[in-house]
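Residues per chain are reported as follows:
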Number of protein chains: 2
Amino acid sequence: MVKQSGKRRAAVPAPDGDTERQILDAAHRVFLRSGTAGARTQEIAAEAGVNSALLHYYFRTKERLAAAVFHRAASELFPVVAGVLASDAPLEEKARKVIAVELERLSRTPYLPAYVISELAYHPDRFQQLLAALTGGRPGAVGQAVLSKIQGQIRAEVRAGRMRPISAEQFLVNLLSLCIFPFAAQPMLAALLGLDGERFSRFIHDRKRELPEFFMKALRP
Amino acid sequence: MVKQSGKRRAAVPAPDGDTERQILDAAHRVFLRSGTAGARTQEIAAEAGVNSALLHYYFRTKERLAAAVFHRAASELFPVVAGVLASDAPLEEKARKVIAVELERLSRTPYLPAYVISELAYHPDRFQQLLAALTGGRPGAVGQAVLSKIQGQIRAEVRAGRMRPISAEQFLVNLLSLCIFPFAAQPMLAALLGLDGERFSRFIHDRKRELPEFFMKALRP
DNA sequence: GTCTATATGTTGATAGAC
DNA sequence: GTCTATCAACATATAGAC
């Protein structure tokens, strides 16, 4: 990002990959663990195996580093789902696919939802600027495209008598709520319902099978 | 909490209520706005109309103040729902009631979910210690009681042919997801689907009517 | 590119007068 | 109880040698 030199350094310093990515990876872990405000650049540098001066050499400020991490985190969370939802597949297939993909992905990065929610709550501007970067200037364009696509499909299903009326917004929010919330609230569920560690994994495992039926059933006329 | 003196001061200093509560109220607002790590005690003091020395007089450390605020925030979020769920009302009525109560309450304090989720993610110990305080030593007791209560009711409904089988955990998580997530993710929905300000309010307004049907329908055999 | 050493600015917290 | 003034500890960021 800041680096321009293409010159490869001699064998010693970087164990694997280039340093910039190592710092970014470390920042990713630390920010997701402690939150942006709670994280310390010094801790990130230590976790990356470098000192904090080098961190500032690659990313000028903590803020820029935070933006880069958020960008990467959000980019691996949204595009997949957006792709599925904007496709031409039948509505029911989309829902099943989204559930499968989301539960699978979030099982591997369970801290992502809480991190994204926190960032959005305390730093709403970051998201706007990310959307602008992703969609090239017109934020909300992807969302609107998905919405009208879904809306059209719902209307068709309703006319065919296979579904009862529901707005595209409610449809989408219901779907995302059921997929994402359990991960965002995992610590709460652990304390409240005892869903910690292995029990949570089993819970999600069961959910992959049960949630599609639950969701589709709710939409039938 | 720290204050012992019952002596009332002369008319001048405190505009309304006692100072301790004013500080707590200010802390509540600031912590919910900026997150615990991002908030500054100085900002809290300013918002409370006092200086930061007085803040430390009442609450010795920022950490204690944060715990007090989280305690209060969580206490106004959970007990109501727990009360409904643990009651002897029929299952369907409980679900409707929870949806109505939650959507109504969160409409008035929309930042609460994101704050609680953030706190839990970055400060899981706080919740344990809160639960211990609330339930007098045995954390998870309330949750377990609710779970087995619900589990029993589900079994009865299933036997009566009015509901298809579902574990109490999935039942509860589905219900809470659908109620809480929209508020936790509001900034995301605003950026993505254009659900900001007035449009979000209307979305929630519609949701109060539509969600009970959606949820109940999903459970029918 | 990477390090050591250091500057600069905040921040949480305390001392002590009133 | 409430204030002014101040401290000590960090955390971010930079300078400059290698």
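Residues numbered from 1 in each chain as written. Chains lettered and ligands numbered in written order. Predicted model: local features only at pLDDT ≥ 70, side-chain atom pairs only at ≥ 80, totals over all residues. Heavy atoms only, no water.

1. Quick look at the overall build of chain A
- Each helix and strand in chain A was counted, giving 12 helices and 0 strands.
- Counting helices and strands in the order they occur from the N terminus, chain A gives α-α-α-α-α-α-α-α-α-α-α-α.
- With respect to the three principal axes, the spread of C-alpha positions in chain A is 65 × 45 × 35 Å.
- The buried share among the 221 residues of chain A stands at 48%.
- Carbon and sulfur atoms make up 55% of the accessible area of chain A, which amounts to about 10400 Å² in all.
- Computed over 31 positive and 22 negative side-chain charges, the separation of the two mean positions in chain A equals 3 Å. (Helix = DSSP H or I, 4+ residues; strand = E, 2+ residues; numbered from the N terminus. Buried < 20%, exposed > 50% of the residue type's maximum accessible area, 1.4 Å probe, protein only. Areas by Shrake-Rupley, 256 points an atom, 1.4 Å probe, with all protein chains shown as cover. Lys, Arg positive; Asp, Glu negative; His and termini not counted. Charge placed at Lys NZ, Arg CZ, Asp CG, Glu CD.)

2. Describing the relation of the copies chain B and chain A
- Each copy of the sequence occupies a distinct position, and chain B is placed on chain A by a rotation of 180° and an axial shift of 0.0 Å, giving an RMSD of 0.0 Å. Given the turn and translation reported, the copies of this chain are related as if by a two-fold rotation axis. Ranked by how close their C-alpha atoms come to the rotation axis, the residues of chain B are headed by Ala218 of chain B, at 1.9 Å. (Least-squares fit on C-alpha atoms with pLDDT ≥ 70 in both.)

3. Remarks on the packing of aromatic side chains
- Following the criterion strictly, the structure yields 16 aromatic pairs over all chains and no others.
- Consider the rings of Phe78 of chain A and Phe127 of chain A, whose centres lie 5.7 Å apart with planes at 55°: the pair is tilted. In this pair, Phe78 of chain A sits in helix α5 (residues 78-86) while Phe127 of chain A sits in helix α8 (residues 124-135), placing the two residues 49 residues apart along the sequence.
- Taking relative accessible area as the criterion, Phe78 of chain A reaches 18% and is therefore assigned buried.
- On the basis of relative accessible area, Phe127 of chain A is assigned to the buried category, the value being 2%.
- Between Phe171 of chain B and Phe215 of chain B, the aromatic rings sit 5.3 Å apart at their centres with planes inclined by 65°, giving edge-to-face as the arrangement. Within this pair, whereas Phe171 of chain B is found in helix α10 (residues 168-184), its partner Phe215 of chain B is found in helix α12 (residues 197-219), the two being separated by 44 residues in sequence. Here Phe171 of chain B matches Phe215 of chain B in class, with each residue buried. (Phe/Tyr/Trp six-rings, centres within 6.5 Å; stacked < 30°, edge-to-face > 60°.)

4. Digging into helix α4 (residues 62-75) of chain B
All names here are of chain B.
- Taking 1.5 Å of rise per residue, the 14 residues of α4 would be expected to cover 20 Å, and the 20 Å separating its terminal C-alpha atoms lies within 8% of that figure.
- Within α4, burial applies to Leu65, Ala66, Ala67, Ala68, Val69, Phe70, Ala73 and Ala74.
- Its buried side turned inward, α4 meets α1 (19-34), α2 (41-48), α3 (52-58), α5 (78-86), α7 (112-122) and α8 (124-135). (Expected span 1.5 Å × (residues − 1). Contact = heavy atoms within 4.5 Å.)

5. A word on the nonpolar core
- The biggest cluster of nonpolar side chains holds 150 residues, and the ones touching the most others in it are Phe127 and Phe215 of chain A together with Phe127 and Phe215 of chain B.
- If sequence neighbours within four positions are ignored, Phe215 of chain B has contacts with Phe214 of chain A together with Ala95, Ile99, Phe171, Asn174, Leu175 and Leu178 of chain B. (Core = buried A, V, L, I, M, F, W, Y, C linked by side-chain atoms within 4.5 Å.)

6. Thoughts on the interface of chain B and chain A
- The partner chain A presents 58 residues to the 58 residues of chain B that form the contact.
- Across the interface of chain B and chain A, roughly 4900 Å² is buried in total on both sides, 70% from carbon and sulfur atoms.
- When the area that chain B buries against chain A is broken down by residue, the three leading residues are Tyr122, Phe181 and Phe214 of chain B, summing to 15%.
- The tally of links between chain B and chain A comes to 11 residue pairs in polar contact (both at pLDDT 80 or more).
- Here the side of chain B that touches chain A is composed, by residue class, of 36 nonpolar, 12 polar and 10 charged. (Buried area = accessible area lost by both parts, 1.4 Å probe. Polar contact = N/O pair within 3.5 Å; in protein donor to acceptor, adjacent residues only side chain to side chain. Nonpolar A, V, L, I, M, F, W, Y, C, P; charged D, E, K, R; others polar.)

7. A look at the pattern of salt bridges
- Taken as a whole and judged by the stated rule, the model has 30 salt bridges over all chains.
- Put simply, Glu104 of chain A and Lys208 of chain A hold a salt bridge, and the shortest N to O gap is 2.7 Å. Linking Glu104 of chain A in helix α6 (residues 91-108) with Lys208 of chain A in helix α12 (residues 197-219), this pair joins segments that are 104 residues apart in sequence.
- We classify Glu104 of chain A as partly exposed; its relative accessible area is 34%.
- The partner of Arg199 of chain B in a salt bridge is Glu169 of chain A, and the shortest N-O contact between them spans 3.8 Å. Residue Arg199 of chain B is located in helix α12, and its partner Glu169 of chain A is located in helix α10 (residues 168-184); the two belong to separate chains.
- On the basis of relative accessible area, Arg199 of chain B is assigned to the partly exposed category, the value being 36%.
- Through salt bridges with shared partners, a single ionic network connects Arg29, Arg33, Glu43 and Glu47 of chain A. (Salt bridge = Lys/Arg side-chain N within 4 Å of Asp/Glu carboxyl O.)

8. Points about the side chain of Glu119 of chain A
- Note that Glu119 of chain A resides in helix α7 (residues 112-122).
- For Glu119 of chain A, the residues in contact, after removing those within four places along its chain, are Thr36, Phe70, Pro124 and Arg126 of chain A.

9. As for the confidence of the model for chain A
- Chain-level pLDDT for chain A is 92 on average; 92% of the residues reach the 70-or-more range.
- Taken together, the stretch residues 1-14 of chain A has pLDDT below 50 and engages in 14 contacts with residues farther than four places along the chain or on a different chain. (pLDDT = per-residue confidence, 0-100.)

10. Things to note about the domain arrangement of chain A
Residues and elements named next belong to chain A.
- The domain architecture assigned to chain A consists of domain 1 (17-69) and domain 2 (78-219).
- Computed from C-alpha coordinates alone, the two centres of domain 1 and domain 2 are separated by 29 Å.
- The junction of domain 1 with domain 2 conceals about 600 Å² of combined surface from both sides, 54% of it contributed by carbon and sulfur atoms.
- By the criterion of area lost to domain 2, the three top residues of domain 1 are Leu32, Thr36 and Glu63, representing 64% of everything that side buries.
- On the surface where domain 1 and domain 2 come into contact, there are 1 salt bridge.
- With a shortest N-O distance of 2.7 Å, Glu63 and Arg126 are connected by a salt bridge.
- For the pair domain 1 and domain 2, the number of links is 2 residue pairs in polar contact (both at pLDDT 80 or more).
- Mapped onto the side of domain 1 that touches domain 2, the elements with two or more residues apiece are α1 (19-34) and α4 (62-75).
- Ranked by residues supplied to the side of domain 1 that touches domain 2, first place goes to α4 with 4 residues.
- Grouping the amino acids of the side of domain 1 that touches domain 2 by side-chain chemistry returns 5 nonpolar, 1 polar and 1 charged. (Domains from an automatic or database assignment.)

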